[in-house]
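Next come the chains, spelled out residue by residue.
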Amino acid sequence: GRHTYRFFEPDMDAKVRERRQLEGDLRHAIAQGGREGGLEVYYQPCLGLKDDRITGCEALVRWRHPERGWVSPADFIPIAEDTGLINEIGEWVLATACRDAASWPDDIRLAVNVSPVQFKSGTLALKIMAALATSNLPASRLELEITEAVLIRDDDAALAILHQLRAIGVRIALDDFGTGYSSLSYLHRFPFDKIKIDRCFVEDIARPDGSASIVQAVVNLAAARRMTTTAEGVETEEQQRLLRTLGCSEMQGYLFSAAKPADKMLELFALHRSR
Ligand code: C2E
Ligand code: CA
Ligand code: CA
Ligand code: CA
């Protein structure tokens, strides 16, 4: 009867409503495109550890909610993946980022995150080729960051897409390395160009009995298979120094720069070049 409403778990109910609300707001933000109240793309630069040159930038989506302020991608990407909205978001981020990157110095690569869900749509390769053609960005300057979840079910369709993209010159990086279940077996399934070493290993690399030996092992493994390595989440000089000693190729993190809007990146490129 009416009174039983009181016995529903109020917390669960509130969470479901909150999620629906956020989903609706996200749909609205997507419809806005790059206009006021829409999504934005920020870029975080990657620094070569040998020569201190900027080697590339990673596109990271940003959402400024009209009432809540910045909503973290860690909160809205999972909702977008559950609802399929990630397909639209991913396509928009890709198109926007390729267009921005086309005006960068031509030795600076663009890295874009691709969700496992996007591999299920069947049109991913075509969409990527279209974004490259429209923006005039050479395929060799685009790098896709995927997680092992893409290859988790021995997915032949996903593998075919990766091979197809690689054949036209797009680079493929394995993101968040070391955080999943059986990472080593995934290295065997596809010839990745790069391994991104997750922030959790960088975090305690300087601690005695920390992760330095693990990072060393990953760097050696990568070198043996002709892959480069990028360390994520580098925040201190000491971490940078250790990573350099261990032979890691590149680093990314707040120590060098957080993610920033496209115009700020252009300023950073100019500044960095004139040093
Ligand atoms: P990710 O791909 O591992 O991206 C790295 C995250 O670490 C970013 O968080 C970045 O801002 C943050 N970060 C960078 N340097 C540092 C540092 O020195 N210290 C700390 N504490 N954090 C650092 P962000 O932008 O909040 O993104 C979170 C995750 O959301 C990303 O993790 C990625 O999985 C996902 N994501 C972001 N943008 C996109 C997108 O366009 N498409 C897809 N599919 N996923 C995205
Ligand atoms: Ca990434
Ligand atoms: Ca990552
Ligand atoms: Ca990560």
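Residues numbered from 1 in each chain as written. Chains lettered and ligands numbered in written order. Predicted model: local features only at pLDDT ≥ 70, side-chain atom pairs only at ≥ 80, totals over all residues. Heavy atoms only, no water.

Some details on the coordination of the calcium ion (ligand 3)
Here is step 1: Surrounding the calcium ion (ligand 3) are the protein donor atoms Asp175 (OD), Asp176 (OD), Glu232 (OE) and Glu232 (OE), at 1.8 to 2.9 Å.
Here is step 2: Donor residues for the calcium ion (ligand 3) sit on one chain with the sequence pattern D-D-x55-E.
Here is step 3: For the pair the calcium ion (ligand 3) and the calcium ion (ligand 2), the metal-to-metal distance amounts to 3.7 Å, and aspartate 175 bridges them. (Donors = N, O, S within 2.8 Å, 3.2 Å for Na, K, Ca; no water.)

As for the layout of surface pockets
Here is step 1: Its volume calculated, the largest pocket comes out at about 1,500 Å³.
Here is step 2: Lining of the largest pocket is provided by 50 residues; of these, Glu58, Leu60, Asn113, Asp175 and Asp176 occupy positions nearest its centre.
Here is step 3: Elements that contribute at least two residues to the lining of the largest pocket include exactly strand S1 (39–48), strand S2 (54–65), strand S3 (69–71), helix H2 (73–83), helix H3 (85–101), strand S4 (109–113), strand S5 (142–146) and strand S6 (171–177).
Here is step 4: Per-class residue counts for the lining of the largest pocket are 24 nonpolar, 14 polar and twelve charged. (1 Å grid on protein atoms, 1.4 Å probe; cavity = no way out; pocket = protein on both sides within 12 Å on 5 of 7 lines; lining within 4 Å. Points joined across faces, edges and corners; volume = space filled by probe spheres on them. Helix = DSSP H or I, 4+ residues; strand = E, 2+ residues; numbered from the N terminus. Nonpolar A, V, L, I, M, F, W, Y, C, P; charged D, E, K, R; others polar.)

Overview of the side chain of serine 257
Here is step 1: Here serine 257 lies in the loop between strand S9 (250–251) and strand S10 (260–261).
Here is step 2: Classification of serine 257 as buried rests on a relative accessible area of 3%.
Here is step 3: If sequence neighbours within four positions are ignored, serine 257 has contacts with Gln44, Pro45 and Met265. (Buried < 20%, exposed > 50% of the residue type's maximum accessible area, 1.4 Å probe, protein only. Contact = heavy atoms within 4.5 Å.)

As for the state of the cysteines
Here is step 1: In total, this model carries zero disulfides according to the counting rule given.
Here is step 2: Summary of cysteine pairing: cysteine 98 is not part of a disulfide, and the nearest cysteine sulfur, belonging to cysteine 57, is at 13 Å.
Here is step 3: What makes cysteine 98 buried here is its relative accessible area of 0%.
Here is step 4: Free of any disulfide, cysteine 248 has its nearest neighbouring cysteine sulfur in cysteine 46, separated by 9.1 Å.
Here is step 5: Taking the relative accessible area as the measure of exposure, cysteine 248 reaches 4% and is therefore buried. (Disulfide = S-S within 2.5 Å.)

Points about the coordination of the calcium ion (ligand 4)
Here is step 1: For the calcium ion (ligand 4), the protein coordination sphere consists of Asp176 (OD) and Asp198 (OD), at 2.6 to 2.9 Å.
Here is step 2: The distance between the calcium ion (ligand 4) and the calcium ion (ligand 3) comes to 3.3 Å, and aspartate 176 binds to both of them. Pair noted here: aspartate 176 is in strand S6 and aspartate 198 is in the loop between strand S7 (194–197) and helix H7 (199–203), with a separation of 22 residues, a long-range link.
Here is step 3: Look at aspartate 198 and you get buried, because its relative accessible area is 13%.

Brief notes about the site of ligand 1
Here is step 1: Near ligand 1 lie 20 residues; those nearest to it are Gln44, Val61, Arg62, Glu235 and Tyr254.
Here is step 2: Take asparagine 113: an N or O atom from its side chain is 3.2 Å from an oxygen atom of ligand 1.
Here is step 3: Within the side chain of aspartate 175, a nitrogen or oxygen atom sits 3.3 Å from an oxygen atom of ligand 1.
Here is step 4: Relative to its unbound accessible area of 810 Å², ligand 1 is 81% covered by the protein chains.
Here is step 5: Judged by the proximity of its atoms to the pocket grid, ligand 1 belongs to the largest pocket.
Here is step 6: Looking at the shell around ligand 1, the elements that each hand over two or more residues are S2, H2, H3 and S6.
Here is step 7: Of the residues forming the shell around ligand 1, the biggest block, four residues, is contributed by S2.
Here is step 8: Of the residues belonging to the shell around ligand 1, the class tally is eight nonpolar, five polar and seven charged. (Near = heavy atom within 4 Å. Polar contact = N/O pair within 3.5 Å; in protein donor to acceptor, adjacent residues only side chain to side chain. Areas by Shrake-Rupley, 256 points an atom, 1.4 Å probe, with all protein chains shown as cover. Sits in = over half its atoms within 2 Å of the grid points.)

What about the packing of aromatic side chains?
Here is step 1: By the definition in use, this model includes five aromatic pairs.
Here is step 2: Relative to tryptophan 70, the ring of tyrosine 42 has its centre 6.0 Å away and its plane inclined at 70°; by these criteria the two rings are edge-to-face. One end of the pair, tyrosine 42, is in strand S1; the other, tryptophan 70, is in strand S3, and 28 residues separate them in sequence.
Here is step 3: Overall, tyrosine 42 belongs to the buried group, its relative accessible area being 14%.
Here is step 4: When the centroid spacing of 5.2 Å and the interplanar angle of 90° are considered together, the rings of tyrosine 43 and tryptophan 104 count as edge-to-face. Here tryptophan 104 lies in the loop between H3 and S4 and tyrosine 43 lies in strand S1, a separation of 61 residues in the sequence. Of the two residues, tyrosine 43 and tryptophan 104, neither departs from the other in class, the shared state being buried. (Phe/Tyr/Trp six-rings, centres within 6.5 Å; stacked < 30°, edge-to-face > 60°.)

Notes on the confidence of the model for the protein chain
Here is step 1: Across the protein chain, the average pLDDT comes to 93, with 95% of residues at 70 or higher.
Here is step 2: In the predicted assembly, ipTM is 0.98 and pTM is 0.95. (pLDDT = per-residue confidence, 0-100.)

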